[in-house]
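# Observations on the model geometry
The chain contents come next:
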Amino acid sequence: QVQLVESGGGLVQAGGSLRLSCAASGRTSSSYAVGWFRQTPGKEREFVAISWTGGSAYYADSVKGRFTSSRDNAKNTVYLQMNSLKPEDTAVYYCAAAPAFRGSDSYLRAISYSYWGQGTQVTVSS
C-alpha cells in the first residue's frame, strides 16, 4: 500500500513557475512509476508526465520543454517542476503510482494507476 500527498500548488502569473511535490509513505516510491495527471471541471484526467523507477521521465507534448519531473528516493518524493506556465495549465494536478503497467502505452491512462494523491490546485492567471 502506498499513500501519496501532493503539495506546492497555488496561483501564479503566466510565465511563472511552480514546483509540485508528491510525497509517498508506505512502500518506497522508488519501486513505483509515478505519473502526473491534471483535470479541469467536466473533463477526464489528462496525462502530464511520468517518472520511471530508473529516473527517466516522459512528458505530454503540451508540457514538453516546460515541465520536468525528478525523484529524490531518499525523501520518497517525486517532483514536478513547472516553468513557463500558461493559463491553459490551470487544473487540479494529481500524482499517481503504479508498480507495473500492462501494454506499451498504458501509462498514459489514469485507470492504469493503483494509488492517487488528493490533488493540488494550480491556477495560472493571464
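Refer to the structure presented above.
Below: a short report on this structure. Along each chain, residues carry numbers from 1 onward, in the same order as the chain's sequence is written. Totals for whole chains, interfaces and linings use all residues, but because this is a predicted model, local features are given only for residues with pLDDT of at least 70 and pairs of side-chain atoms are given and counted only at 80 or more. Side-chain numbers here rest on the full set of heavy atoms in the structure, without hydrogens or water.

### Notes on the environment of M82
For the purposes of this entry, the term helix denotes a DSSP run of H or I that reaches at least four residues, the term strand denotes a run of E that reaches at least two, and both are numbered from the N terminus. With respect to the helices and strands, the residue M82 is situated in strand β8 (residues 77-82). Note: C-alpha distance between M82 and L20 (62 residues apart in sequence) is 7.8 Å. In this structure M82 touches G16, S17, L18, L20, R66, F67, Y93 and V122, once residues within four positions along its chain are discounted. Note on contacts: a residue pair qualifies if any of its non-hydrogen atoms lie within 4.5 Å across the two residues.

### Quick look at the side chain of S21
Here S21 is to be found in strand β3 (residues 18-26). Owing to a relative accessible area of 14%, S21 belongs among the buried residues under this scheme. In this view, S21 contacts V5, E6, S7, W36, T77, V78 and Y79; residues no more than four positions away in its chain are not counted. To sort residues, take the accessible area from a 1.4 Å probe on protein chains only and compare it with the maximum for the residue type: under 20% means buried, over 50% means exposed, and anything in between is partly exposed.

### Some words on the state of the cysteines
The criterion for a disulfide is a pair of cysteine sulfur atoms lying within 2.5 Å. Throughout the structure, instances matching the rule amount to one disulfide. Each sulfur in the disulfide pair C22 and C95 lies 2.1 Å from the other. Torsion about the S-S bond of the C22 and C95 cystine: about 70°, corresponding to right-handed handedness. Pair noted here: C22 is in strand β3 and C95 is in strand β9 (residues 91-98), with a separation of 73 residues, a long-range link.

So far we have only geometry, and geometry alone does not tell us how the molecule works.
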